[in-house]
Amino acid sequence: MKRIQSLMLILMAGVIGFVGCIEGNDRPGTDDGDNGSNIVVSSNITTNTTWETGKVYVLSGRITVTNGATLTIQPGVVVKGEVGTGANATALIIARGAKINAAGTATQPIIFTTVADEIRPGQIASPNMDPTLEGLWGGLIVLGRARGSFPGDIQEIQIEGIPASDTNGLYGGTDDADNSGVIKYISIRHGGANIGEGNEINGLTLGGVGSGTVIENVEVVANQDDGIEWFGGTVSVKNVLIWNSGDDAVDTDQAWAGTLDNFIVICGVNTDHALEIDGPEGSYNAAHTVKNGSIKGHPSSEFADFRAGARGIFENLYFFNFPSPAANNNAGRGDFSLSGDNTIANFSNGVLKFAKLEATLAEGVTLQQAFRNGTDVHAATVAIRANTVGANKAAFEGWTWAAAANALADFR
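Report on the accompanying structure. Here the structure is a predicted model, which is why all the values come from computation and not from measurement.

1. Comments concerning the environment of N202
Inspection of the secondary structure puts N202 in the loop between β15 (199-200) and β16 (204-207). Residue classification places N202 among the buried residues on the basis of a relative accessible area of 0%. C-alpha separation for the pair N202 and I141, spaced 61 residues apart in sequence, amounts to 8.0 Å. In this structure N202 touches G138, G139, L140, E160, N223, D225, D226, G227, E229 and F231, once residues within four positions along its chain are discounted. Separated by 3.0 Å, the side chains of N202 and T205 make a polar contact.

This is the structure in C-alpha cells:
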C-alpha cells in the first residue's frame, strides 16, 4: 500500500511540475506525440501572428483575432479545439477589421478539428475518429462589415453562437467590398458545440463578410449545427463539400448577396435540410445565387426549404438518394418546398428563380410530389448518375476526407 502511495505522489508531483511549466500562450498541448509540436493558444490574437506548417495549434477556449490583426495559417497546419460547451465552447473568431490568411493547398490542406482527433500534419483522414461524430468543439467564425438585412434596419448585430457579452461577435456595416482575408483548402470537422439551448456554432459561419474576401475549397464534416451559414454579406464561395451536417448543410439568411458555385452535400442521419434558404429580415432586399450543386440525401432529410420571403437564383442542382415524401406523411422529408406566402409570392413574381433542377427520385415518386408549389416546372427526372447538371467532383479529390473515405463514389 505504501509503495502504491509513493508512486502516486511521484506521479502527482510530475503533473504539478508539468503544469507549472506550461503557462502562457505558447505552452505545449496535451497531445504531444510529435516532439513538442503542439502549441496551445489561450488568449486572443491582437497582433499579426503566423501558425507554422508542421505544427498543431490547440484552441483552449473562444479565441478571437481582433480588429487590426492578421492571423496567417500556413499550409498543412492542424488546429484543434478543446472539448467544451456553453461558455467553455471553443471557436476561432475573425472579428470585424481582422483578417485570416489560411491558404492551404491541395497537397497540404489546413484542418480544423477536435483535440480528440489524433490526426497529425500530413494526414488527410483521421486515424481514430468517425466522420459522424459531432459537437466536440465550436467552429470557424468570420465576421465583416458588409451589409445585411437585419430587424429594424439596424446596421450591426451579434452573430449566433457567441454570447452577447462578447462584442467581438458583432457583424454588419456598409462596406460591401470589405476584406476579411483568404480561406483556401480547409477542412472543418466535428464542430458545432452548444453555447446554450438550441444555440450551436456552425462549421463555417460567415457574418457580414465582404466581397473582398476569398473563400474556396472548403470541406465541413460532422458539424452538429449547419455546415456553412451565411448571415448577410457579399462574399462569394466556390468548391464546398459538406458531409454529415447535424442540422442544415447550406443555410442562408439576412439577404446574403454572393454566389455559391460548385458544391457537394452528403446528408447524414441528423441532416434536416440540404438547403435552407431564408429571406431578408429588414428592408434591404439583396439576393444570392446558388449553382452547380450535387446533393445526396438520406431517409431523414429534405431536398430544400425556401422560407420567410426567400429570394435569389438556384440553378444546375442535382438531387438523389432522398426518401419518398409520401412515406413521411408530408412531414418535410424528401421534397423541395416553398414555405410562407411571401416566399410563394416571390416565386410567382420571379424574385425567387429556379432553373435546370434534376433529380433521381425514389420509386413511384412524381416530380409534383418531390418539387412542390409549382417548382416542378423547372425540374426533370434522370436515372442515377445520368445527371447533366451538378458539381464537378474533381475539385474535391486529393485533399478532402470525403474523397479519402471514398464517399464521393456516387457522384459523377
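What follows picks up the thread again.
2. Quick look at the pairing of strand β9 (residues 110-114)
Side-chain direction in a regular strand flips from residue to residue, so the side chains alternate between the two faces of the sheet. Extensive coverage of β9 is indicated by the burial of 5 of its 5 residues. Sheet topology note: the strand β6 (residues 78-81)/β9 ladder contains 4 bridges and is parallel. Residue pairing for β9: V78 is matched across the bridge by I111. Looking at chain direction, β9 and strand β13 (residues 181-189) are connected through 3 bridges and run parallel. Looking across to β13, one finds that I110 is bridged to I186.

3. Let's talk about the environment of L59
With respect to the secondary-structure elements, L59 resides in strand β3 (residues 56-59). Along the backbone, L59 and E82 are 23 residues apart, and their C-alpha atoms lie at a distance of 6.0 Å. Once you skip the residues sitting within four places of it in the chain, L59 turns out to touch V41, W51, V79, K80, G81, E82, T90, A91, L92 and W137.

4. Structural notes on the packing of aromatic side chains
In this structure the tally under the stated criterion is 21 aromatic pairs. Aromatic pair F336 and F354: ring centres 5.2 Å apart, planes at 75°, arrangement edge-to-face. Remark: F354 occurs in strand β27 (residues 352-360) and F336 occurs in strand β26 (residues 336-338); sequence separation between them is 18 residues. For the residue pair F336 and F354, the accessibility class agrees, reading buried in each case. A ring pair is formed by F336 and F371, whose centres lie 5.2 Å apart and whose planes are at 40°; its orientation type is tilted. Here the residue F336 occupies a position in strand β26, and F371 occupies one in the loop between α3 (367-370) and β28 (379-381), the gap between them amounting to 35 residues. Residue F336 shares its accessibility class with F371, and that shared class is buried.

5. A word on the pairing of strand β8 (residues 99-103)
The two faces of β8 differ: I100 and A102 on one face are buried, but K99, N101 and A103 on the other face are not. One ladder, built from 4 bridges, connects strand β5 (residues 70-73) with β8; its direction is parallel. Its bridge partner lying in β8, L71 is registered against I100. Examined bridge by bridge, β8 and β13 share 4 bridges and lie parallel to one another. The partner of A102 across the bridge, within β13, is I183.

6. A closer look at the pattern of salt bridges
Summed over the entire model, instances satisfying the criterion amount to 12 salt bridges. Members of the salt-bridge network, linked through shared partners, are E276, D278 and R307.

7. Thoughts on the sheet that holds strand β4 (residues 62-65)
Read from one edge of the open sheet, 9 strands run β4-β7-β10-β16-β18-β20-β22-β24-β26, paired in parallel fashion. If you trace the sheet from one side to the other, it starts and ends with β4 and β26, each paired once. Between one strand axis and the next, the sheet turns by 10° as a mean value, whatever way the strands run. Pairing of strand β20 (residues 250-253) with strand β22 (residues 273-278) involves 3 bridges; the strand directions are parallel. Bridge pairing in β22 links V250 to L275.

Rules of the game
Residues numbered from 1 in each chain as written. Predicted model: local features only at pLDDT ≥ 70, side-chain atom pairs only at ≥ 80, totals over all residues. Heavy atoms only, no water. Helix = DSSP H or I, 4+ residues; strand = E, 2+ residues; numbered from the N terminus. Buried < 20%, exposed > 50% of the residue type's maximum accessible area, 1.4 Å probe, protein only. Contact = heavy atoms within 4.5 Å. Polar contact = N/O pair within 3.5 Å; in protein donor to acceptor, adjacent residues only side chain to side chain. Pairing = 2+ DSSP bridges. Phe/Tyr/Trp six-rings, centres within 6.5 Å; stacked < 30°, edge-to-face > 60°. Salt bridge = Lys/Arg side-chain N within 4 Å of Asp/Glu carboxyl O. Axes fitted to C-alpha atoms, helices over the stretch in contact; angles between N-to-C directions.

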